[in-house]
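What follows is each chain in one-letter form.
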Amino acid sequence: MGRAGRRLPALAAVFYGALAALVLLGVRDVLFLYEENRCSMTYMYEYPEYLKIKLPKKTARRYPAYELYLYGEGNYAEENKNLLLTGIPVLFLPGNAGSYKQVRSLGSIALRKAEDVDFKYHFNFFSVNFNEELVALYGGSLQRQTKFVHECIKVILKLYRDREFAPTSVAIVGHSMGGLVARALLTLKNFKPGLINLLITQATPHVAPVMPLDKYLTDFYTAVNNHWILKAQDLRNLTTLSVAGGFRDYQVRSGLAFLPRLSQHDSALSVVSSAVPRAWASTDHLSIVWCKELILATIRAFFDLIDENTRQITEDPKKRMSVLHHHFVRHPAKTFEENPELFTELTGAFMWIPVKASKWTYSVYNDSDGKYFTFPLASHRKSYSHVYCENSMLDTSSWIYGCMNSNSSTCLEATDLSWRAELLPTTKVVILKLQDYTSLSHIVIQVPPTVGNKYTLDCEFFKQDSRTVQLPVTHLFSFGLSSSKILLNSTGLLYNVQLQHFNRIYQAFKIYIESHCQSLKERKPSVYRLHVPWSHEDSITVAKVPSFMEISAKLHIAQPQNDSRVPELNIYSSSDCQYEVILKTSVLQVLGQIIRFHASALPVYVVSNIFLTYGGQLSTLMSTGQCSDFPLELVRTAKPYKVEPLISIVVFLQGFNWFREIWESLSLPEVDAAVLSSQDAWFPLVSLILFLFGTGIAYWSGVFFSTSLRLFSSLWLTLIRPTVLQKDNKLITPRRLCGVLSLAVVSWTTCGAFAVFIIYLQYLFKVIKLHVNIRAEQNMLNGDSDCSKETSQNSSIYAVKNQSSTDSTVKATQSLSNSTTIAEAVNSLKMHVTILNLFTWIVLLNLPSLIYWLKNLRYSVRLDPDPCRSTAIILVCILEILMNSSTSEVKSSKLLKIAAKVPLPLSVAMLAFGRMHLYKSQKSAQHLNFSGI
């Protein structure tokens, strides 16, 4: 029995160690295992300057921490010092802890582009200094930032007053939370929607906050998103583009950056940077503001958006969306034209060459004669369904046409099919469904005269069924031990591998593609594209041939309910090569997906486990009179079956109208699991997995906390002489009352998190002191016991039996009294360690508002609004009592039975309503501590 009792903690340590290791593996996958940075750095050709714009006195007084700047370089900056501006205004809004100087990449590239067109058009880039506030973690300043941006827009437009082409609106580029602030402008009562007509956001979490740490943050999100849904009709004149960073951005997952898809709001577009033409690169949260490829796409779009008549950004919403689609979704390798000519005459002294073969390749090098290759469609319509052509010359000229009217040898009138092309990293391709072009008689490929250029053209006719292959993905619980495999004996140029049943965010796979070729001649690289049809989140990989390539396949957005399309692996292959595709489940990337989507909820599960442990300690104290250790009690009481079934039952019943009506009549909020399910971010067993992860974290954080206390107490014992354990019979003394009142005043007049942090340090000091005193008393007790034995032996030798017997009896009585006192102190220490462990997590969740307050202390002593002011006052009062209480007082309390039962419903409430509202864990802890009194 004793051996089994010793074995149980060891097994628990191994089990919870394995759970913590799984969490660390998932964190490692999110933070470190992603594609290399393929972005180029943007450089300034001249020294960047930031001209501070003078704000109205009333605005400057109301927002002392905020500023407005105008970006410039060299001579351009000198010319702008008199503020005689004639360009197009663009306002940059930095995000969480962002700098106004991040505008320099946009401003510098735009300046170079303006020089290319001899300043016929140019942009003036303004930037707001938000004092690098932590608005992603503290929502109290978001409304203030929004109102300041409104004032800035007014100031900017006044700078152009009386100009010939004075703007009436401002384009906004918002990075991170700056994009959300820009969207929030439309919620202001006195804001005119016409003041902005274009909004581009970079890595902005539109759907929900990354860490919902306070009520102001979640309320701000609710107000903005509800306004955009309810007032969608009023937003038709505003064009919005959201660019997400992809898997390199571990701060804001791309799923949060997708704007709500509304049928009545067709002027919003969301893309992942890995799918943006000519960028094709994932970016981290900061590099998205300087990634040269993305900045070039943005600036090209800005210049294509200019209306020649007004010399400002066009007021036509359709043109704005066309330009954004052109540069951010599907680039045809042609310069944007609003109304391209549909029909053209193929002129020039070119040679006309008919091609009757179904597959054709032509290499061009120093060809001085222009040629037209014609492919008659009549002979191919019966045998084939599609035609595919590719051109390795990546210029912007037209190269493929559809003949509308022809004579025996030439085409008299044609339509330009180059607009149907799509640009890829190494080639531009066209796929045409012959059934859609019944009026065409021929396909015409134009090969202009070339000097010094070498490129290749390929065309082939094919049946779609012959180039489409289905590959079922492996099951999640195959753990990478099984695989799906397919072999493509390539005689064509394009294959589409449909990944069957790949539609959920928790799925993650490794796809291995090995290419073999019959000859060793030089071949064009192969292009592999993972295409997700319901969102613009494609990823493209270029591989040499032959080669072995590994591709990660995972989703940012789950498949919508009414969408039956299937993700595809498009293989733009080399002819006469063999491709073997192997797909396996990646356990590490599955863990990474769980952490990526649900890491913000882990603190809730940790606190929930501590709740259950504290309840178990109170129950043990009530039944045995002893308080158990935190790790042992966690193993005994922190069981998922105590909380998970209740939440699952509620979520199930909320699918019925009658239960929903009862639920709403009680004014209860919707269960977070139901909300996450509606956002396709929830899946079976995820809550159980997160609960176990939370248990593992709680276990080892408790071990680490206890170990740290021992180290601190050992250091204390070596430096300071400990005091004797004293029993304090008074919970409330004048001195403690003054301390509580002082901290309440601090909380009310400065920052609630500051008061919480002070009381936390005070509690920590008392627990360390208690630990030190217990160790000192135990050492003294062991010393007295040894001394008593030695005295007894000596007394028998010298025959002073009576006196020694009396002394030993007195010492034994004192030893028994000391042992009882130490035992009570040890029990109290165990209880305090659990409460302090719980309180540590509360302090960590409050740290952002404390940091924000410290950073803005020079502007205001009082944090306003303060998300934890009232909570802090209550916590200070409760913890002042708890830190001075002992288990003997708790055992004698008549409310112990009730207090022991409170943690379980609080734990259930935490998991039901705290996953998307972390700040609710503070209120639950407050209730728990109150019950502990």
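Note that the coordinates shown come from a computational prediction; the quantities given were computed from them, not determined experimentally. Sequence order as written defines residue numbering, which begins from 1 separately in each chain. For this predicted model, a pLDDT threshold of at least 70 governs which residues receive local features, and a threshold of 80 or more governs which side-chain atom pairs are given and counted, while totals over whole chains, interfaces and linings are taken from all residues. Computation of side-chain values: all heavy atoms of the structure, hydrogens and water removed.

Student: In this structure, what is going on with the overall build of the chain? I would like to understand it.
Tutor: Here a helix means four or more residues in a row that DSSP labels H or I, a strand means two or more in a row labelled E, and each is numbered from the N terminus. Regarding its fold elements, the chain presents 25 helices and 30 strands. Seen along its three principal axes, the alpha-carbon backbone of the chain occupies a region of about 135 × 70 × 60 Å. Any residue under 20% of the maximum accessible area for its type is buried, any over 50% is exposed, and the rest in between are partly exposed; the area is computed with a 1.4 Å probe on protein chains only. The buried share of the chain, taken over its 933 residues, is 55%. Residue contacts are counted whenever heavy atoms from the two residues lie within 4.5 Å of one another. For the chain, contacts bridging at least 24 residues in sequence account for 80% of all contacts bridging at least 6. By element, 57% of the accessible surface of the chain is carried by carbon and sulfur atoms, the whole surface being about 42,700 Å². Across the chain, the centroid of the 92 positively charged side chains sits 8 Å from that of the 72 negatively charged ones. In short, Shrake-Rupley with a 1.4 Å probe defines the accessible areas, and a residue's cover is counted only from the protein chains shown. Only four residue types enter the tally: Lys and Arg on the positive side, Asp and Glu on the negative side, with His and both chain ends excluded. Throughout, a charge is located at the NZ atom of Lys, the CZ atom of Arg, the CG atom of Asp or the CD atom of Glu.

Student: When you look at the packing of aromatic side chains in this model, what are you seeing that I'm missing?
Tutor: Aromatic ring pairs are defined here through the distance separating the ring centres and the angle between the ring planes. What counts as a ring pair is set by centres within 6.5 Å for rings of Phe, Tyr and Trp (its six-membered ring), and what kind of pair is set by the plane angle: stacked under 30 degrees, edge-to-face over 60, tilted for all other angles. Across all of its chains, the model carries 35 aromatic pairs by this definition. Ring centres of F15 and Y16 lie 5.2 Å apart, and the angle between their planes is 65°; this geometry places the pair in the edge-to-face category. Overall, the relative accessible area of 43% leaves F15 in the partly exposed class. Either the NZ atom of lysine or the CZ atom of arginine qualifies as a charge over a ring when it sits within 6 Å of the ring centre and within 35 degrees of the ring normal. Taking NZ or CZ as reference, K113 lies 6.0 Å from the ring centre of F303, over its face. The ring of W748 carries the charged tip of R869 above its face, separated from the ring centre by 5.7 Å.

Student: What should I look at first to understand the pattern of salt bridges in this one?
Tutor: Any two side chains of opposite charge can pair, on the condition that their charged atoms come close. Each salt bridge in this description consists of a side-chain nitrogen of Lys or Arg and a carboxyl oxygen of Asp or Glu lying within 4 Å of one another. Inspection of the entire model under this criterion finds 22 salt bridges. Among the salt bridges present, the one from E151 reaches K154, with a minimum N-O distance of 3.7 Å. Note that E151 and K154 are positioned in helix α5 (residues 142–159) at a spacing of 3 residues, about one turn of the helix. With a shortest N-O distance of 3.9 Å, E550 and K510 are connected by a salt bridge. Pair noted here: E550 is in strand β28 (residues 547–554) and K510 is in strand β25 (residues 508–517), with a separation of 40 residues, a long-range link. Classification of E550 by relative accessible area gives partly exposed; the value is 42%. Put simply, E46, E73, R112 and E115 are held in one network by salt bridges that share partners.

Student: Sorry, what's going on with a positive patch on the surface here?
Tutor: A cluster of like positive charges, contributed by K54, K57, K58, R61, R62 and K147, occupies part of the molecular surface. It is helix α2 (residues 57–62) that contributes the most residues to the positive patch, 4 residues altogether. Along the chain, the position of K57 falls in helix α2. Judged by its relative accessible area of 68%, K57 is exposed. The patch calculation keeps residues exceeding 30% relative accessible area without a salt bridge and links them within 9 Å when they carry like charges or within 5 Å when they are nonpolar (Val, Leu, Ile, Met, Phe, Trp, Tyr).

Student: Would you mind showing me how to read the packing of helix α8 (residues 292–304) against helix α9 (residues 317–328) here?
Tutor: For any two helices packed against each other, the geometry comes down to the angle between their axes and how far apart the axes lie. Two elements in contact, α8 and α9, have axes separated by 9 Å at closest approach and are oriented at 150°. Our classification of the angle between α8 and α9 gives roughly antiparallel. Judged by the twist between their axes, the crossing of α8 over α9 is right-handed. Here α8 contributes A297, T298, R300, A301 and D304 to the contact with α9, which in turn contributes K319, V323, L324, H327 and F328. Axis lines are fitted to C-alpha atoms, over the contacting stretch for helices. Their N-to-C directions set the angle, which ranges from 0 to 180 degrees. Each angle receives one of four descriptions, namely roughly parallel if under 35 degrees, roughly antiparallel if over 145, roughly perpendicular if within 65 to 115, and oblique otherwise. Whether a crossing is left-handed or right-handed is set by the direction in which the near helix is turned from the far one by less than a right angle, anticlockwise for left-handed and clockwise for right-handed.

Student: What exactly am I supposed to notice about helix α24 (residues 903–913) here?
Tutor: A large share of α24 lies buried, amounting to 8 of its 11 residues. Among the residues of α24, P903, L906, S907, V908, M910, L911, A912 and F913 are the ones counted as buried.

Student: Would you mind showing me how to read the pairing of strand β17 (residues 411–416) here?
Tutor: Note on strand geometry: in a regular strand, side chains alternate between the two faces of the sheet. Two strands pair under a simple rule: DSSP has to find at least two bridges between them. As defined by bridge partners, strand β11 (residues 343–344) adjoins β17 across 2 bridges and the pair is classed as antiparallel. Among the inter-strand pairings, F343 is bridged to a residue of β17, identified as T415. Pairing between strand β16 (residues 400–406) and β17: 5 bridges, direction antiparallel. Following the sheet pairing, N405 is matched in β17 by E413. Here β16 folds back onto β17 in antiparallel fashion, the turn holding 4 residues.

Student: Would you mind going over the environment of A744 with me for this structure?
Tutor: Considering the arrangement of structural elements, one finds A744 in helix α18 (residues 734–749). It is 41 Å that separates the C-alpha atoms of A744 and G255, two residues lying 489 residues apart in sequence.

Student: Before we go on, may I ask you to explain the confidence of the model for the chain in this structure?
Tutor: Reading predicted coordinates in detail is not appropriate for stretches of low pLDDT. pLDDT: the predictor's confidence for each residue, scored from 0 to 100. Per-residue confidence for the chain gives a mean pLDDT of 87; residues scoring 70 or more make up 92%. Long-range and interchain partners of residues 788–806, a stretch whose pLDDT sits below 50, account for 5 contacts in this model, where long-range means more than four residues apart.

Student: Please explain the packing of helix α6 (residues 177–184) against helix α7 (residues 215–230) as it appears in this structure.
Tutor: Contact geometry of α6 with α7 gives a least axis separation of 10 Å together with a crossing angle of 55°. One element, α6, and the other, α7, form an angle in the oblique class. In this structure, α6 meets α7 at a crossing whose hand is left-handed. In this structure, α6 contributes M177, L180, R183 and A184 to the contact, and α7 contributes L217, F220, Y221, V224, N225 and W228. Broken down by class, the residue content of the contact of α6 with α7 amounts to 8 nonpolar, 1 polar and 1 charged. Amino acids are sorted into nonpolar (Ala, Val, Leu, Ile, Met, Phe, Trp, Tyr, Cys and Pro), charged (Asp, Glu, Lys and Arg) and polar (every other residue, Gly among them).

Student: Mind showing me how you'd approach the state of the cysteines here?
Tutor: Whenever a pair of cysteine sulfur atoms sits within 2.5 Å, that pair is classed as a disulfide. Taken as a whole, this structure holds 4 disulfides when the rule is applied. Two residues, C39 and C291, share a disulfide whose sulfurs are 2.1 Å apart. The S-S bond linking C39 to C291 shows a torsion near -80°; that makes this disulfide left-handed. Here C291 lies in the loop between β8 (268–272) and α8 and C39 lies in the loop between α1 (2–31) and β1 (48–52), a separation of 252 residues in the sequence. Two residues share a disulfide in this structure: C517 and C577, whose sulfurs sit 2.1 Å from each other.

Student: How should unusual backbone geometry be read in this particular structure?
Tutor: Trans is the prevailing form of peptide bonds, just as negative phi is the prevailing case for residues other than glycine. For the bond from V545 to P546, the omega torsion is 0°, close enough to zero to count as cis. By the secondary structure assignment, P546 is in the loop between β27 (539–543) and β28. Along the chain, D864 connects to P865 via a cis peptide bond; the corresponding omega equals 0°. When you line up the elements, P865 lands in the loop between α20 (801–855) and α21 (869–883). Positive phi is not limited to glycine here, since F119 has a value of about 55°. Take F119: it is sitting in the loop between α4 (104–116) and β4 (123–129). The phi dihedral of H501 is positive, around 65°, even though this residue is not glycine. Counting through the fold element by element, H501 comes out in the loop between β24 (494–500) and β25. In this structure H501 comes out as exposed when scored by relative accessible area, which is 58%.

Student: When you look at the sheet that holds β1 in this model, what are you seeing that I'm missing?
Tutor: Sheet strands pair by backbone hydrogen bonding; their relative direction is either parallel or antiparallel. Strands sit in the order β1-β2-β4-β3-β5-β6-β7-β8 across an open sheet of 8 strands; the sheet is mixed. Taken across any chain shown, the strands that pair with only one partner, and hence form the sheet edges, are β1 and β8. Ignoring strand direction, the axes of neighbouring strands in this sheet form an average angle of 20°. For strand β5 (residues 171–175) and strand β6 (residues 198–202), the ladder comprises 5 bridges, and the chain directions are parallel. By the bridge assignment for β6, A171 is matched with L198. Its contacts with the sheet put α9 on β6, β7 (239–244) and β8, and the angle it makes with β7 is roughly 20°.

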